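# Structural overview for review
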Amino acid sequence: MNEKNLLQARGIVKRYPGAERPAVDHLDLDIGAGEFLSIAGPSGSGKTTLLHILSSLIQADAGQILFQGQDICAAPEAVRNRLRGLVFAVVFQQHHLLPYLSALENVLLPFLGGIKPARAADIATAQAMLSRVGLAGKENSRPGQMSGGEQQRVAIARALVRGAQVLFADEPTGSLDSVNGAAIIQLLRELNSEGLTVVMVTHNDEFAAQSDRIVRMADGAIQTLS
Ligand SMILES: Nc1ncnc2c1ncn2[C@@H]1O[C@H](COP(=O)(O)OP(=O)(O)O)[C@@H](O)[C@H]1O
Ligand SMILES: [Mg+2]
């Protein structure tokens, strides 16, 4: 297995019920360990659907997703759950934080399932994760007391707190102004330089240009550059 082979999509097809054309249509893509990949392309070209298939949130109708050489589509649900919970992390354009919880409590959620009292070790991990995204001192702030950029940092900390290897980010700067957006890209670059593989959908060419590689989608497939 070479560096290119952390995650490989092979012949992926996904058609939503009733849709005329597949949202993803015989798509192939290789993602290397430690790579920062941007996915660009017009609205409706299948970017979000692809990200959800790669991150095991939804299943393709056909094709294979190989993670470290193993087909995760064919894997038992327990294996897919483990990948979703511990190996893959997903952030979206909207941060989806719980408004009545503090930043620290939001980041602790993946440990808790929302019920048990938090363990001291998990609190320490969550605090360290908040520092890593530049939010030391903001532990007790609620989302409504933070800027949009800070809220997105909390969402990134929550996504990564259990030690994910791959971050999938679907237009993570889409609801931010250009200054806050640029700061989020800078954070993703830092996390990537520490070893995190990042797969980001973006409409912003300037942000995409800061990644290692850009692929463009059209009609559910990766466009080949001529
Ligand atoms: N849950 C869904 N049910 C039915 N059609 C969907 C659903 N999600 C997306 N689609 C359709 O699939 C295509 C690709 O959508 P999407 O993956 O969201 O593209 P993008 O993220 O590039 O805008 C579009 O035609 C969209 O309307
Ligand atoms: Mg989308």
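See the structure printed just above.
Calculation notes
Residues numbered from 1 in each chain as written. Chains lettered and ligands numbered in written order. Predicted model: local features only at pLDDT ≥ 70, side-chain atom pairs only at ≥ 80, totals over all residues. Heavy atoms only, no water. Helix = DSSP H or I, 4+ residues; strand = E, 2+ residues; numbered from the N terminus. Buried < 20%, exposed > 50% of the residue type's maximum accessible area, 1.4 Å probe, protein only. Pairing = 2+ DSSP bridges. Contact = heavy atoms within 4.5 Å. Axes fitted to C-alpha atoms, helices over the stretch in contact; angles between N-to-C directions.

## Thoughts on unusual backbone geometry
Unlike most non-glycine residues, His26 shows phi in positive territory, near 50 degrees. For His26, the position within the fold is in strand β2 (residues 24-31). With a phi angle near 70 degrees, Ser56 is a residue other than glycine that sits in the positive phi range. In this fold, Ser56 is placed in the loop between α1 (47-54) and β4 (62-67). Classification of Ser56 as buried rests on a relative accessible area of 1%.

## Some remarks on the sheet that holds strand β3 (residues 36-40)
Ordered by their spatial adjacency, six strands build an open sheet running β6-β7-β8-β3-β9-β10, and the pairing between neighbours is mixed. Edge positions in the sheet fall to β6 (88-91) and β10 (221-222), since each has one partner strand and no second. In this structure, strand β9 (residues 213-218) lies alongside β10, joined through two bridges in antiparallel fashion. Opposite Ala218, over in β10, you have Ala221 as the bridge partner. In this fold α1 packs onto β3, β6, β7 (166-170), β8 (197-201) and β9, with an angle of close to 160 degrees to the strand it touches most, β7. Relative to the sheet, helix α5 (residues 148-160) contacts β6 and β7, its axis offset from that of β6 by approximately 160 degrees.

This is a description of form; function is not addressed.
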